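One letter stands for each residue in the lines below.
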Amino acid sequence: MYPPSDAGQTPLTRKIIIQHAVSLADAEGLDALSMRKLASRCGVEAMSLYNHVDNKDDVLNGMVESIIQKVHVPRADADWRQEMRTRALSAHALFLQHPWASMLIVSRVNAGPNMFKWVDATIGCLRAAGFSWAAADAAWNALDSFIHGFTLQRLNFPFKEGEYAQAAAAWLPSIPQDTLPHLHGMAREVAEERHSGIPDFTFGLDILLDGLERVLIENQGFPLTGPTPS
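Residues numbered from 1 in each chain as written. Predicted model: local features only at pLDDT ≥ 70, side-chain atom pairs only at ≥ 80, totals over all residues. Heavy atoms only, no water.

## Details of a nonpolar patch on the surface
Taken together, the side chains of Phe157, Phe159 and Trp171 make up a nonpolar region of the molecular surface, amounting to roughly 310 Å² of accessible area. As for its position among the elements, phenylalanine 159 is in the loop between helix H8 (133–156) and helix H9 (164–171). On the accessibility criterion, phenylalanine 159 (32% relative accessible area) is partly exposed. (Patch = residues over 30% accessible without salt bridge, like charges linked within 9 Å, V, L, I, M, F, W, Y side chains within 5 Å. Areas by Shrake-Rupley, 256 points an atom, 1.4 Å probe, with all protein chains shown as cover. Salt bridge = Lys/Arg side-chain N within 4 Å of Asp/Glu carboxyl O. Helix = DSSP H or I, 4+ residues; strand = E, 2+ residues; numbered from the N terminus. Buried < 20%, exposed > 50% of the residue type's maximum accessible area, 1.4 Å probe, protein only.)

Dropping the structure here:
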């Protein structure tokens, strides 16, 4: 049971409910979020929530919207590559801060105004750079797949950063050097702390941006295959 909030002094609003929902999911995970538990956190009875939100799905919509409004919105009048890079870095950092957000976003239809604004600005920035409609769509989806995929992998990796070397050392006896020389060599690098083993988000992001830039330069903004839009 959460202690009552100051709802008795401050009228309950949709914004306050969403803020408490985000806080609850941050603390206990999305599976812990229920209308009863959310009402307790807000210091009200569950039925009071329905004066401001339709149902749990409406709460989830609001949570996505509250997160997306904090992500960098690309500008069409700025360097597209830097804008996409800043967009990706801000999204990745925010999704790590709210571990439930990435899976919630990729597993449902998100049609709120903040999400629409973010997507529209992303497409607009790519279009202004010279990408065709099809290429802008492909670029946007490739970038978001990388952001969410890397984020989810990082959040669910079985070892914490400080445990990499110890884990690699423990696995070394199970990786024969004669039959698995490259895997053994990599594990030894990590075990002996010559390599951290920590995945680098910016490494993959910059490779992806390099590829998109090459598509833009070599193919006048169009995909490598398929018809050229008129």
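## Remarks on the packing of aromatic side chains
Ring pairs (aromatic) are described by centroid distance and by the angle formed between their planes. In total, this model carries six aromatic pairs according to the counting rule given. Between the aromatic rings of tryptophan 80 and phenylalanine 131, the centroid separation amounts to 5.2 Å while the plane-to-plane angle is 80°, which identifies the pairing as edge-to-face. Of the two residues, tryptophan 80 is situated in helix H5 (residues 80–97) and phenylalanine 131 in the loop between helix H7 (113–129) and H8; the sequence distance between them amounts to 51 residues. Each member of the pair, tryptophan 80 together with phenylalanine 131, is buried. Note on phenylalanine 157 and tyrosine 164: the rings are 5.3 Å apart at their centroids and 50° apart in plane angle, and the pair reads as tilted. Given a relative accessible area of 37%, phenylalanine 157 falls into the partly exposed group. Overall, tyrosine 164 belongs to the buried group, its relative accessible area being 8%. The structure contains a cluster of three or more aromatic residues connected by ring pairs, namely Phe146, Phe150 and Phe201. Taking NZ or CZ as reference, arginine 87 lies 4.1 Å from the ring centre of tryptophan 118, over its face. Above the plane of the ring of tryptophan 133 lies arginine 127, whose end atom (NZ or CZ) is 4.1 Å from the centre. (Phe/Tyr/Trp six-rings, centres within 6.5 Å; stacked < 30°, edge-to-face > 60°. Lys NZ or Arg CZ within 6 Å of the ring centre and 35° of its normal.)

Without other data, these values stay purely geometric and don't point to any function.
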